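# Observations on chain architecture
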2 protein chains.
Amino acid sequence: MTPATSLFTPVEADLQILADNLKQLVGNRHPILFAAAEHLFGAGGKRIRPAIVLLISRATMLEEDITQRHRRLAEITEMIHTASLVHDDVVDESQMRRGVPTVHSLFGNRIAVLAGDFLFAQSSWYLANLDNLEVVKLLSEVIMDLATGEIQQGMNRFDSSLAIETYLQKSYYKTASLIANSAKAAGLLSEVPSETAQHLYNYGRNLGLAFQIVDDILDFTSTTDTLGKPAGSDLRSGNLTAPVLFALEEKPYLEVLIERQFAQAEDLEQALALIQDSRGIQQARELAAHHAKLAAEDIEILPPSESRQALIDITEYVLSRLY
Amino acid sequence: MTPATSLFTPVEADLQILADNLKQLVGNRHPILFAAAEHLFGAGGKRIRPAIVLLISRATMLEEDITQRHRRLAEITEMIHTASLVHDDVVDESQMRRGVPTVHSLFGNRIAVLAGDFLFAQSSWYLANLDNLEVVKLLSEVIMDLATGEIQQGMNRFDSSLAIETYLQKSYYKTASLIANSAKAAGLLSEVPSETAQHLYNYGRNLGLAFQIVDDILDFTSTTDTLGKPAGSDLRSGNLTAPVLFALEEKPYLEVLIERQFAQAEDLEQALALIQDSRGIQQARELAAHHAKLAAEDIEILPPSESRQALIDITEYVLSRLY
């Protein structure tokens, strides 16, 4: 996902500060992790999560500048996200991510586990030092959700009876929870009323679900080059996403192929063809569009501003990746 | 370390409740982790850390019963400790721990990384819900220290110029920080005065250092059977502990053997013989005894009780493991 940079214009300078801080954080304290830090926080990162936190911070602090605590929250968000990616890559044995080799394939499991633990630990510590118990609770819930989501995804591999609701719940745990809770936390740091905080949470939840559904569609419609990892890799590994679950309602033979885990030659190709021939991808698009629309409605609770407009534009940008 | 159970008599019933809670926690929510949970929280665990938290809780709540928050803190302590062990075993590629195969050797890296992340995540969440910002800060500092200690240990492998102070700092990060900060946190939950809280911290710090030094001595003086892992394995892996660092002052040839990482046949045997022939083990014993004695003095700030006596007895028990 590489957003047109113009989306983030209102927080471009903030994102530059954030990138510098994150690289220093890991590299300076532990030379052994320096290479990993460059790799993790270097040019490749898209920083969508901290951008959303910073945009919400600016959109809720219109009269004043954002505080150091808003900035710290944005850093925490990116650190938690990165820590979880690094460990997921170990767990899923992924070789490529964002078009570059993963930390564990480049530096080994040792460094990948250490780097992830260090980032989780540092983010817990930063979090505690925000001195806001409600924010601590929101973000520690995210860390729980990330672990729960990864475990649930592992348990549901090749389960063709998976309900779309279970898929959405897993997508909430793995993607939307972080965006939802950090969006709400940014609002709490600006001392917004609790009704506004709830809308910010809903914005993040719906945007996160739309993100994840779109990512899952792109795994079927993009090339390996565009994705930065092999296309169709979710299906191959038994991770059944929205397009597959919708296609299963139309194509009963797909179930046979999935349940035997694509054991026979051509099974995977045949499954991909059945999905392309179904309304699965279209239905998944509609589901993503539904959540993106809800997100745009949620954010309208904020007063108009350049940052609010960027938050609305992001909901459209997410869908535009499909075309 | 298998303490005479009588040491924990004042909190024996509490420890039984804790063991049941911990097994349910992991197993019930995620069947995939059930086997790992049984393995982690089953009969083998010695639960020294939660026992210390519970004893301090009882020794500081003499008039009343301990609260659910004291119990929760004891659980958090054991979860953080266990999570860190599971990830350390992945990082160090250990095959055995406490005389049983490690989680990663039994269930693979996938489950070991997941189980550790889940335990860290759950402990962060429990921690936030203790609703005490100072306790959150203390324990999040521990999580940082554990990651820092593991990274530092990796960086210092086979470094024969390592100062004893650096070894003690690493031992604080990896072992004493958890005991010190959770001891202080137990006091804070009982609302002890800040001077008492500081003594509780010092008790945990000194006891933790004594624990670690004794463990490091046993790696040279015990048999593989008693240790539950191969004897001499610290030295073999380049983890230079107190007996080695003291021996290096007397036996310059030891440095040659370490710096070439025991590359030649008999190097390791020769190094072990040089250490046995030095005053290294005796000096390490004296260092452990020094910290155990300081711990006993620190805890005397509490009013006399059966629990306080147990906390004093633990400082003697730690040293008794050497004889």
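What you see is a predicted model, and the numbers here were worked out from it, not measured in a lab.

### Considerations on the overall build of chain A
Helix and strand content of chain A: 16 helices and two strands. Compactness check: chain A gives a C-alpha radius of gyration of 20 Å against a globular reference of 20 Å for 323 residues, within 12% of the reference. Within chain A, counting contacts between residues at least 6 apart in sequence, those at least 24 apart form 74% of the total. For chain A, the exposed surface amounts to about 12600 Å²; the carbon and sulfur share of it is 49%. Positive and negative side-chain charges of chain A, numbering 27 and 43 respectively, have mean locations separated by a distance of 3 Å.

### Description of the relation of the copies chain B and chain A
Comparison of the two chain copies shows a relationship of rotation about an axis with a shift along it. Once chain B is rotated about the relating axis by 180 degrees and shifted along it by 0.0 Å, it coincides with chain A to within an RMSD of 0.0 Å. Each copy turns onto its partner about a two-fold axis. For chain B, the smallest separation between a C-alpha atom and the rotation axis is recorded for B:L133, amounting to 3.2 Å.

### Re helix α16 (residues 306-320) of chain A
All names here are of chain A. Helix length check: α16 (15 residues) gives 20 Å between terminal C-alpha atoms against 21 Å at 1.5 Å per residue, within 8%. Where α16 is concerned, the buried positions are S307, R308, A310, L311, I312, I314, T315, Y317 and V318. In this structure, the buried side of α16 is in contact with α3 (48-60), α9 (194-221) and α15 (280-299).

### Focus on the interface of chain B and chain A
Buried accessible area, meaning the area lost when the parts come together, often serves as the stated size of an interface. Tallying the contact residues gives 37 residues for chain B and 36 residues for chain A. Of all residues in chain B, B:R110, B:M144 and B:I151 bury the most surface against chain A, accounting for 18% of the area lost on that side. Linking A:D131 and B:K137 is a salt bridge whose minimum nitrogen-to-oxygen distance equals 2.8 Å. Inspection of the region where chain B meets chain A yields six residue pairs in polar contact (both at pLDDT 80 or more). Going through the elements one at a time, α4 (68-92), α5 (103-128) and α6 (133-155) of chain B are the ones with two or more residues in the side of chain B that touches chain A. Looking at the side of chain B that touches chain A, the element that brings in the most residues is α6(B), giving 13 residues. Tallied by class, the residues present in the side of chain B that touches chain A amount to 19 nonpolar, 10 polar and eight charged.

### Considering the confidence of the model for chain A
Residues and elements named next belong to chain A. Averaged over every residue, the pLDDT of chain A is 90; the share at 70 or more is 91%. Across chain A, α15 holds the top mean pLDDT of 98, while helix α2 (residues 34-41) sits lowest at 68. Across the predicted assembly, pTM comes out at 0.90 and ipTM at 0.85.

### Thoughts on the side chain of B:N181
Residue and element names in this part refer to chain B. Considering the arrangement of structural elements, one finds N181 in helix α7 (residues 164-189). Assessed through its relative accessible area of 4%, N181 is described here as buried. Apart from the residues lying within four places of it in its own chain, the contact partners of N181 are L138, L139, V142, Y172 and Y201.

### A few points about the nonpolar core
If you look at the biggest cluster of nonpolar residues, it comprises 223 residues, and the most contacted ones within it are A:I52, A:L139, B:I52, B:L139 and B:I314. Sequence-distant contacts of B:I52, defined by excluding residues within four places in its chain, comprise B:I179, B:Y203, B:L207, B:F211, B:L311 and B:I314.

### Overview of the side chain of A:E78
Tracing the backbone through its elements, the reader meets A:E78 in helix α4 (residues 68-92). Overall, A:E78 belongs to the buried group, its relative accessible area being 3%.

### Points about the environment of B:A247
Residues and elements named next belong to chain B. Examined against the element boundaries, A247 turns out to sit in helix α11 (residues 242-250). Of the residues examined, A247 reaches a relative accessible area of 0% and is grouped as buried. As a C-alpha pair, A247 and Q282 span 35 residues in sequence and 9.9 Å in three-dimensional space. Contacts of A247, omitting those with residues within four sequence positions, involve L254, I275, S278 and G280.

### Observations regarding the environment of B:E165
All names here are of chain B. Tracing the chain through its elements places E165 in helix α7. Of the residues examined, E165 reaches a relative accessible area of 55% and is grouped as exposed. As for E165 and A242, which are separated by 77 residues in sequence, their C-alpha atoms are 10.0 Å apart.

### A short note on the packing of α9(A) against α16(A)
All names here are of chain A. The geometry of α9 relative to α16 is characterised by a closest axis approach of 9 Å and an angle of 20 degrees between their N-to-C directions. Relative to α16, the element α9 lies roughly parallel. Both α9 and α16 take part in a crossing whose hand is left-handed. Contacts from Y203, L207, A210, F211 and V214 in α9 reach L311, I314, T315, V318 and L319 in α16. Among the residues forming the contact of α9 with α16, the class breakdown is nine nonpolar, one polar and no charged.

### Thoughts on the packing of α3(A) against α9(A)
All names here are of chain A. Running from amino to carboxyl end, α3 crosses α9 at an angle of 155 degrees, the nearest separation of the two axes being 13 Å. One element, α3, and the other, α9, form an angle in the roughly antiparallel class. Crossing angle aside, the handedness with which α3 passes α9 is right-handed. On α9, the residues touching I48, I52, I56 and T60 of α3 are L200, Y203, L207 and F211. For the contact of α3 with α9, a count of residues per class yields seven nonpolar, one polar and no charged.

### Examining α11(B)
Burial analysis of α11(B) places seven of its nine residues in the buried class, the great majority of the element. Within α11(B) the residues assigned to the buried category are B:A242, B:P243, B:V244, B:L245, B:F246, B:A247 and B:L248.

### Some words on the packing of aromatic side chains
Taken as a whole, this structure holds six aromatic pairs over all chains when the rule is applied. Ring centres 6.3 Å apart and planes at 40 degrees place the aromatic pair A:W125 and A:Y126 in the tilted group. Taking relative accessible area as the criterion, A:Y126 reaches 10% and is therefore assigned buried. Residues B:F158 and B:F262 carry aromatic rings whose centres are separated by 6.1 Å and whose planes lie at 65 degrees to one another, so their mutual orientation is edge-to-face. Residue B:F158 is found in the loop between α6 and α7, and its partner B:F262 is found in the loop between α12 (252-259) and α13 (267-276); the two are separated by 104 residues along the sequence. Residue class for B:F158 comes out buried when judged on its relative accessible area of 13%. The positively charged end of A:R72 is found above the aromatic ring belonging to A:Y126, 3.6 Å away from the centroid.

Thresholds applied
- Counting restarts for each chain: residues are numbered from 1 in the order of the written sequence.
- Think of it this way: whatever chain is written first is A, whatever ligand is written first is 1, and the rest follow in order.
- Only residues with pLDDT of at least 70 are given local features in this predicted model, and only at 80 or more are side-chain atom pairs given and counted; all residues enter the totals for whole chains, interfaces and linings.
- Working from all heavy atoms in the structure, the side-chain values ignore hydrogens and water.
- For the purposes of this entry, the term helix denotes a DSSP run of H or I that reaches at least four residues, the term strand denotes a run of E that reaches at least two, and both are numbered from the N terminus.
- The quantity called the radius of gyration is restricted to C-alpha atoms. Its globule counterpart is 2.2 Å times the number of residues to the power 0.38.
- Note on contacts: a residue pair is in contact if any heavy atoms of the two residues lie within 4.5 Å.
- Every accessible area reported is derived by Shrake-Rupley at a probe size of 1.4 Å, with residue values counting cover from the shown protein chains alone.
- Asp and Glu are treated as the negative residues and Lys and Arg as the positive ones, with His and the ends of the chain left uncounted.
- Where a charge lies is defined by one atom per residue type, namely NZ (Lys), CZ (Arg), CG (Asp) and CD (Glu).
- Overlaid copies result from least-squares superposition on C-alpha atoms, with residues included only where pLDDT is at least 70 in both.
- What a helix should span is 1.5 Å times the count of its residues minus one.
- Relative accessibility under 20% of the residue-type maximum defines a buried residue, over 50% an exposed one, and the middle range a partly exposed one, all with a 1.4 Å probe and only protein chains included.
- Using a 1.4 Å probe, buried area is obtained as the accessible area two parts lose upon being combined, added over both of them.
- Whenever a carboxyl oxygen of Asp or Glu lies within 4 Å of a side-chain nitrogen of Lys or Arg, that contact is scored as a salt bridge.
- Polar contact criterion, stated in full: a pair of N or O atoms within 3.5 Å, where within protein one must be able to donate a hydrogen and the other to accept it, and residues adjacent in sequence count only if both atoms are side-chain atoms.
- When residue character is reported, Ala, Val, Leu, Ile, Met, Phe, Trp, Tyr, Cys and Pro are called nonpolar, Asp, Glu, Lys and Arg charged, and the others, Gly included, polar.
- The predictor attaches a confidence to each residue, and that confidence, scored 0 to 100, is pLDDT.
- What we call a nonpolar core is a set of buried Ala, Val, Leu, Ile, Met, Phe, Trp, Tyr and Cys residues that are connected through their side-chain atoms within 4.5 Å.
- Where helices are involved, their axes are fitted lines through C-alpha atoms of the stretch in contact, as for all axes, and angles between N-to-C directions lie from 0 to 180°.
- Angular relationships are summarised with four words: roughly parallel below 35 degrees, roughly antiparallel beyond 145, roughly perpendicular across 65 to 115, and oblique for the angles in between.
- Handedness of a crossing is defined here by the sense of rotation of the near helix relative to the far one, left-handed for an anticlockwise turn of less than a right angle and right-handed for a clockwise turn.
- Paired rings are identified among Phe, Tyr and Trp, the last through its six-membered ring, by centres lying within 6.5 Å, and are further divided according to the angle between planes into stacked (under 30 degrees), edge-to-face (over 60) and tilted (the rest).
- As a reminder, the over-ring test applies to NZ of lysine and CZ of arginine, requiring each to be within 6 Å of the ring centre and within 35 degrees of the ring normal.

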